[in-house]
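Descriptive analysis of the structure
Each chain, written out:
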Amino acid sequence: MNDETKRNGPTNKGLLPGILKGLATTAKTATRTTHTHEYPDVAPDLPPRSRGVIALLEENCTSCMLCARECPDWCIYIDSHKETVPATTEGGRDRQRNVLDNFSIDFSLCMYCGICIEVCPFDALFWSPQFEYAETDIRDLLHDKERLGGWMETVPPPPALDERAAEPAEVAAANKPARMPRGRAT
Amino acid sequence: MSDVSDVTHDRSVPLPMPRVGPVGEHAPKPIRVVLNWGRRYSLWVFNFGLACCAIEFIAASMGRHDFIRLGVIPFAPGPRQADLMVVSGTVTDKMAPAIRRLYDQMPEPKYVISFGACSNSGGPYWDSYSVTKGVDQLIPVDVYVPGCPPRPEALLHGIIRLQEQIAGERLSGRAIAERLGGAGRLGPADGEGAAAPRYTAHRTGSAAEVTRARVEPPR
């Protein structure tokens, strides 16, 4: 066994077929378009269900703490206080309502499971596909309620219903005729 | 959380504080711009992949996302040739000494990206007995990329953030000392750090700080 067969292996095809093979591969891929995503210049086409960041619709939040209690990471911080709403009518009773003081999600800890969004009974939390919030200070990854509210504009509209699906509960309730008082049924 | 000084089972060698040299330190602004321009677009990356986030990191290095477009060059042959360390995945207390050691082997200027919830703060393992609650307890981190795991594009965004930071930085011996927490000037206030000056260079969090409730962002 001389040196050349050692280098080229036992097939002893020589140098040329290897070069031709390589050139053929190059020629094949040269005509294909690249599949590189030019990310900073071209925004990626993300599906609406993509889990980028959690947005808060503050008006819907009743500070019921369900999300904070269900969070497996305990990364949601909620502070609220009760406010007395005086009675609007004579002899009425004063009402109480919760006022949200602070709603923060620690995105350095969040595991993006979406349980808070699933569990929210008032639709105050939403997924947004936005992902560009890398920070140089870890404390900036704690998004307060203003910043979480700012993500709302990046929330995509809900996906369209399936064909021949039942109409949404809200629409069905609005379309139902009002209940007539008893005795006046037509 | 085991203390980082556990790292030094071997005899710790007191290393001198890294410097950039008098010429680099007092370079006028045009020269610094050129230096920073060179640094930000030739980041040889050292992949410290520890868990599933490493898959996303590898995806970012492959043809579809291709972070060599941004000047991040995969991959350095070893930490001694690397400029950027991407810690992606769950850092365990068992792995902590290795991370610290390989970080110490990287030449200045060096940068660290913490990729994913686990390396940011422990993530889903926040209550684990064996997971380090954030790689920033071991080494100074420049950019935190949130996500579990983050998208490859999120890493590219983190790299862009890092490059913006490099563009504005002024590298000097004092800046390095500040980032590393002032090693070499161990006073009586540093206390137990005097035993292992090499590994107390970076300020490490105490157990009380790790379990604190809520930290206000800086205003």
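Residues numbered from 1 in each chain as written. Chains lettered and ligands numbered in written order. Predicted model: local features only at pLDDT ≥ 70, side-chain atom pairs only at ≥ 80, totals over all residues. Heavy atoms only, no water.

1. Overview of the UniProt feature "domain: NADH:ubiquinone oxidoreductase-like 20kDa subunit" (unreviewed entry) in chain B
Residues annotated by UniProt as "domain: NADH:ubiquinone oxidoreductase-like 20kDa subunit" (unreviewed entry) correspond here to residues 52–161 of chain B. Overall, residues 52–161 of chain B shows 31% helix and 14% strand. The separation of its end C-alpha atoms is 23 Å. (UniProt positions renumbered as here; feature names shortened; annotations may be inferred. Helix = DSSP H or I, 4+ residues; strand = E, 2+ residues; numbered from the N terminus.)

2. Describing the pairing of strand β4 (residues 111–115) of chain B
All names here are of chain B. In terms of burial, β4 is a largely internal element, five of the five residues being buried. The two faces of β4 match: Tyr-111, Ile-113 and Phe-115 on one face and Val-112 and Ser-114 on the other face are all buried. With five bridges connecting them, strand β3 (residues 84–88) and β4 associate as parallel partners. What sits directly across from Leu-84, in β4, is Tyr-111. Handedness of the crossover is the feature at issue here: the chain leaves β3, passes through helix α4 (residues 96–105), returns alongside β4, and the resulting connection is right-handed. Bridge count for β4 against strand β5 (residues 143–145) is three bridges, and the pairing is parallel. (Buried < 20%, exposed > 50% of the residue type's maximum accessible area, 1.4 Å probe, protein only. Pairing = 2+ DSSP bridges. Right-handed = clockwise from strand over helix to strand, strands pointing away.)

3. Observations regarding unusual backbone geometry
The amide bond that connects B:Glu108 to the next residue, B:Pro109, takes the cis arrangement and shows omega of -5°. Across the junction of B:Cys148 and B:Pro149, the peptide omega takes the value -10°, indicating a cis bond.

4. Remarks on the sheet that holds strand β2 (residues 76–85) of chain A
Two orientations exist for strands paired in a sheet by backbone hydrogen bonds: parallel and antiparallel. All names here are of chain A. Spatially, β2-β3-β5 is the arrangement adopted by the three strands of the open sheet, whose pairing is antiparallel. Unpaired on one side and paired on the other, β2 and β5 (142–143) mark the two borders of the sheet. Relative to β5, strand β3 (residues 95–106) runs antiparallel, the two being bridged by two bridges. Within the sheet, the bridge partner assigned to Asp-106 lies in β5 and is Leu-142.

5. Some remarks on the packing of aromatic side chains
All names here are of chain A. Throughout the structure, instances matching the rule amount to eight aromatic pairs over all chains. Judged by centre distance (6.3 Å) and plane angle (15°), the ring pair of Tyr-112 and Trp-127 falls under stacked. A residue pair is termed long-range when its members are at least 10 positions apart, and Tyr-112 in the loop between β3 and α4 (115–119) and Trp-127 in strand β4 (residues 125–128) qualify at 15 residues. We note that Tyr-112, like Trp-127, is buried. Ring plane angle 55° and centroid distance 5.5 Å describe the contact between Tyr-133 and Trp-151, whose orientation is recorded as tilted. (Phe/Tyr/Trp six-rings, centres within 6.5 Å; stacked < 30°, edge-to-face > 60°.)

6. Re the interface of chain B and chain A
Contacts between chain B and chain A engage 37 residues on the former and 34 residues on the latter. Of the roughly 2,900 Å² buried where chain B meets chain A, counting both sides, 60% is carbon and sulfur surface. Our count for the contact surface shared by chain B and chain A stands at two salt bridges. Between B:Arg161 and A:Glu135 there is a salt bridge, with its nearest N and O atoms 3.9 Å apart. Of all the secondary-structure elements, those providing two or more residues to the side of chain B that touches chain A are α5 (117–121), β5 and α6 (152–168) of chain B. A total of eight residues in the side of chain B that touches chain A trace back to one element, the largest contributor, which is α6(B). In the side of chain B that touches chain A, the residues fall into 17 nonpolar, nine polar and 11 charged. (Contact = heavy atoms within 4.5 Å. Buried area = accessible area lost by both parts, 1.4 Å probe. Salt bridge = Lys/Arg side-chain N within 4 Å of Asp/Glu carboxyl O. Nonpolar A, V, L, I, M, F, W, Y, C, P; charged D, E, K, R; others polar.)

7. Focus on the UniProt feature "binding site: [4Fe-4S] cluster 2" (unreviewed entry) in chain A
Residue and element names in this part refer to chain A. Within this numbering scheme, the UniProt entry marks Cys-71, Cys-110, Cys-113 and Cys-116 as carrying the feature "binding site: [4Fe-4S] cluster 2" (unreviewed entry). The greatest C-alpha distance among the residues just named is 10.6 Å, despite their covering 46 residues of sequence, which places them together in space. Considered against the second largest cavity, the annotated residues that line it turn out to be Cys-71, Cys-110, Cys-113 and Cys-116. Summarising the element assignment, Cys-113 is placed in the loop between β3 and α4. Setting aside anything within four residues of it in sequence, one finds Cys-113 in contact with Arg-51, Pro-72 and Trp-127. In this fold, Cys-116 is placed in helix α4. With residues up to four places along the chain from it excluded, the contact list for Cys-116 reads Ile-54, Cys-67, Ile-76 and Leu-125. (1 Å grid on protein atoms, 1.4 Å probe; cavity = no way out; pocket = protein on both sides within 12 Å on 5 of 7 lines; lining within 4 Å.)

8. Looking at the UniProt feature "binding site: [4Fe-4S] cluster 1" (unreviewed entry) in chain A
Residue and element names in this part refer to chain A. UniProt marks Cys-61, Cys-64, Cys-67 and Cys-120 with the feature "binding site: [4Fe-4S] cluster 1" (unreviewed entry), using the numbering shown here. These residues run over 60 residues, yet every pair of their C-alpha atoms falls within 10.4 Å of each other. Lining the largest cavity, from the residues named above, are Cys-61, Cys-64, Cys-67 and Cys-120. If you trace the backbone, Cys-64 turns up in the loop between β1 (53–56) and α3 (66–70). With relative accessibility at 35%, the residue Cys-64 sits in the partly exposed group. With respect to the secondary-structure elements, Cys-67 resides in helix α3.

9. Points about the pattern of salt bridges
Enumeration according to the criterion identifies eight salt bridges over all chains in this entry. A salt bridge links B:Glu153 to B:Arg151, with the shortest nitrogen-to-oxygen separation between them at 3.1 Å. In this structure B:Arg151 comes out as partly exposed when scored by relative accessible area, which is 29%. Several salt bridges share partner residues, and in doing so they unite A:Glu135, A:Arg147 and B:Arg161 into one network.

10. Examining the sheet that holds β4(B)
Spatially, five strands are ordered β2-β1-β3-β4-β5 (chain B) in an open sheet, and the strand pairing comes out parallel. Every interior strand has two partners, whereas the edge strands, β2 (72–73) and β5 of chain B, have only one.

11. Quick word on empty space enclosed by the protein
All names here are of chain A. Using the criterion set out here, one finds two cavities of 30 Å³ or more in the structure. Of the pockets and cavities examined, the largest cavity occupies roughly 80 Å³. Every residue lining the largest cavity is listed: Asn-60, Cys-61, Thr-62, Cys-64, Met-65, Leu-66, Cys-67, Phe-103, Cys-120, Phe-122, Ala-124 and Leu-125. Classifying every residue of the lining of the largest cavity gives 10 nonpolar, two polar and no charged. One number sums up the size of the second largest cavity: a volume of about 50 Å³. In terms of lining, the second largest cavity is formed by Cys-71, Pro-72, Cys-75, Cys-110, Met-111, Tyr-112, Cys-113, Gly-114, Ile-115 and Cys-116. Class assignment of the residues belonging to the lining of the second largest cavity gives a composition of nine nonpolar, one polar and no charged. (Points joined across faces, edges and corners; volume = space filled by probe spheres on them.)

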